Amino acid sequence: MNKNFMIMTALFVAAFFSATIQAEDVPTQTSVDGVKITADAEYNGILIDATKEVSIYYGGKLKSGYLKSDTAIDGVTYKAASLIKLFGDGKVWSGRIKTQVMIGGIPFKADTDISFFVSGKVSAGEVLSGAAPGDKNLILPRDLVASFSEDGSTISFFSTGEPYRILDFTVAGAVTVYFDKVAGVYRVQGGNNGIPKIVATLPVALDSFGRPSKVEVVIAPANSLLTTQFGADESYAESWQIKGRLTLNGQDLGYNPTLYIKDMAIVKFRVTEAVNINGALIKAGSFLLFDSVGKVYIPQP
């Protein structure tokens, strides 16, 4: 048996018995952190650096430590001197990958952190530009940090760079997409608007034939928030929280209203502060509707 492994095991057992003395004081604690080992030690083929502290689960299993050398675990090579975290069953919880790796058909960038669910599915990692998760319509326009739901139904992306285009939306920072099982494609669920954008039009007058002869255009600032409602029962397809004060058709809708859009037209909105519309004081949080010529009316209870 490997001598270093015996040393580490003995230290784990000793630490375990020491920790159980105080177990009643910390009933929710499942591990001991800050354990010092006297020599580099191996645990199930993972060589741990003795110069840095490790954490162990009660019972002596390794929870986390720094790798002494590049280490391959379940087909993934983790970088030397990086922190590796393990679940109680010994499977990798998180670590820093040394080289590009393909997991579940998705390429993850070299020298970046990756984490997993207990099931072994990836929970977060940096995905390479051009990747197409699920081999569907979603194609990444750049390298993006991603977090995944365990069932694969949603993916959230984050970027600190310039606005980028994804699934017909230009977004900045964070965006979440979901898989529409009925349509068999990914759609944007919500995110931060990346650039000023026309999100809706509002008719404000009718011609002699009863058709709208003039419209107002609503432009969402770059920091507006988008939520989509594809396939939902609601009477709209998107909602936009507009940042700042908004006036439409001469009517003040207050600060930061949320507009509900279908086919580029506003169908209703929600005020986030009390406003006076048509002589009536509207409470914050109320939903109001637009008629066919852009006049606000208050739905009766």
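Structure's up top.
Keep in mind that this is a model prediction, so the values were computed, not measured.

K.L.:
Sorry if this is basic, but what is going on with the overall build of the chain here?
P.N.:
If you tally the helices and strands in the chain, you get 1 helix and 30 strands. Buried positions account for 39% of the 301 residues belonging to the chain. Considering only residue pairs separated by 6 or more positions, the chain has 31% of its internal contacts joining residues 24 or more positions apart. Of the roughly 15700 Å² of accessible surface on the chain, a fraction of 54% belongs to carbon and sulfur atoms.

K.L.:
Got a minute to help me understand the environment of glycine 125 in this structure?
P.N.:
Tracing the backbone shows glycine 125 in strand E13 (residues 122-127). Its relative accessible area of 3% is what places glycine 125 among the buried residues. Measuring from C-alpha to C-alpha, the distance between glycine 125 and serine 147 comes to 6.6 Å, with 22 residues separating the pair along the chain. Discounting residues that sit within four places of it in the chain, glycine 125 has contacts with Phe108, Asp113, Ile114, Leu144, Val145 and Ala146.

K.L.:
Quick question: what am I supposed to make of unusual backbone geometry here?
P.N.:
Trans peptide bonds make up most of the peptide bonds, and negative phi angles are found at most residues other than glycine. Unusually for a residue other than glycine, alanine 81 sits at a positive phi of about 75 degrees. Tracing the backbone through its elements, the reader meets alanine 81 in the loop between strand E7 (76-78) and strand E8 (83-86). Overall, alanine 81 belongs to the exposed group, its relative accessible area being 51%. Within the chain, aspartate 263 stands out as a residue other than glycine whose phi angle is a positive 55 degrees. With respect to the element layout, aspartate 263 can be found in the loop between strand E25 (258-262) and strand E26 (265-270). We classify aspartate 263 as exposed; its relative accessible area is 69%.

K.L.:
Sorry if this is basic, but what is going on with the environment of glycine 34 here?
P.N.:
In this fold, glycine 34 is placed in strand E1 (residues 31-35). For glycine 34, a relative accessible area of 35% corresponds to the partly exposed category. The sequence separation of glycine 34 and glutamate 53 amounts to 19 residues, and the corresponding C-alpha distance is 5.1 Å. Aside from chain neighbours lying at most four places away, what touches glycine 34 is Glu53, Val54 and Ser55.

K.L.:
Which parts of the structure should I look at to understand the nonpolar core?
P.N.:
Side chains that are nonpolar tend, in soluble globular proteins, to be buried together. The biggest cluster of nonpolar side chains holds 67 residues, and the ones touching the most others in it are Tyr78, Phe108, Leu138, Phe157 and Phe269. What leucine 138 contacts, discounting residues up to four positions off in sequence, is Ala131, Ala132, Pro133, Ile155, Phe157, Ile166, Leu167, Val177 and Tyr186.

K.L.:
Even after reading the chapter, I still don't get the pattern of salt bridges, so can you show me in this structure?
P.N.:
Pairs can form between side chains of opposite charge whenever their charged atoms are close. Under the criterion given, the structure shown has 10 salt bridges. A salt bridge links aspartate 113 to arginine 96, with the nearest nitrogen and oxygen atoms 3.1 Å apart. Residue aspartate 113 is located in strand E12 (residues 112-116), and its partner arginine 96 is located in strand E9 (residues 92-97); the two are separated by 17 residues in the primary sequence. In this structure aspartate 113 comes out as partly exposed when scored by relative accessible area, which is 46%. For arginine 96, a relative accessible area of 26% corresponds to the partly exposed category. Put simply, aspartate 252 and arginine 245 hold a salt bridge, and the shortest N to O gap is 2.6 Å. Classification of arginine 245 by relative accessible area gives partly exposed; the value is 41%. Counted as one network, the salt bridges with shared partners bring together Lys79, Arg96, Asp111 and Asp113.

K.L.:
I would appreciate a short explanation of a nonpolar patch on the surface in the present structure.
P.N.:
Nonpolar side chains collect at one region of the surface, where Ile198, Val215, Val217, Ile219 and Met264 lie side by side and expose about 420 Å² of accessible area between them. Looking at the nonpolar patch element by element, the count peaks at 3 residues for strand E20 (residues 212-220). We classify methionine 264 as partly exposed; its relative accessible area is 40%.

K.L.:
How should I be thinking about the environment of threonine 176 in this particular structure?
P.N.:
With respect to the helices and strands, the residue threonine 176 is situated in strand E17 (residues 169-180). In sequence terms threonine 176 and asparagine 192 are 16 residues apart; their C-alpha atoms lie 9.6 Å from each other. Not counting residues within four places of it along the chain, the set of residues in contact with threonine 176 comprises Thr154, Ile155, Ser156, Arg187, Val188, Gln189 and Gly190. A polar contact of 2.8 Å, which involves the side chain of threonine 176, links it to the side chain of serine 156.

K.L.:
Looking at this structure, I do not really get the side chain of lysine 63. What am I missing?
P.N.:
Summarising the element assignment, lysine 63 is placed in strand E5 (residues 62-66). Despite its burial, lysine 63 pairs with no opposite charge; the closest candidate is aspartate 33, at 4.5 Å N-O. The contact partners of lysine 63, leaving out residues within four places of it in the chain, are Ser31, Ser55, Ile56, Tyr57, Ile84, Lys85, Leu86 and Trp93.

K.L.:
I would appreciate a short explanation of the packing of aromatic side chains in the present structure.
P.N.:
Pairs of aromatic rings are described using the distance from one ring centre to the other and the angle between the two planes. Here the structure, examined in full by the defined rule, presents 5 aromatic pairs. Centroid distance phenylalanine 87 to tryptophan 93: 5.5 Å. Interplanar angle 15 degrees. Geometry classified as stacked. Exposure remark for phenylalanine 87: the relative accessible area of 14% places this residue in the buried category. We classify tryptophan 93 as partly exposed; its relative accessible area is 35%. For lysine 52, the ring lying beneath its charged end belongs to tyrosine 66, and the centroid distance is 4.4 Å.

Reading the values: the criteria
Residues numbered from 1 in each chain as written. Predicted model: local features only at pLDDT ≥ 70, side-chain atom pairs only at ≥ 80, totals over all residues. Heavy atoms only, no water. Helix = DSSP H or I, 4+ residues; strand = E, 2+ residues; numbered from the N terminus. Buried < 20%, exposed > 50% of the residue type's maximum accessible area, 1.4 Å probe, protein only. Contact = heavy atoms within 4.5 Å. Areas by Shrake-Rupley, 256 points an atom, 1.4 Å probe, with all protein chains shown as cover. Core = buried A, V, L, I, M, F, W, Y, C linked by side-chain atoms within 4.5 Å. Salt bridge = Lys/Arg side-chain N within 4 Å of Asp/Glu carboxyl O. Patch = residues over 30% accessible without salt bridge, like charges linked within 9 Å, V, L, I, M, F, W, Y side chains within 5 Å. Polar contact = N/O pair within 3.5 Å; in protein donor to acceptor, adjacent residues only side chain to side chain. Lys, Arg positive; Asp, Glu negative; His and termini not counted. Phe/Tyr/Trp six-rings, centres within 6.5 Å; stacked < 30°, edge-to-face > 60°. Lys NZ or Arg CZ within 6 Å of the ring centre and 35° of its normal.

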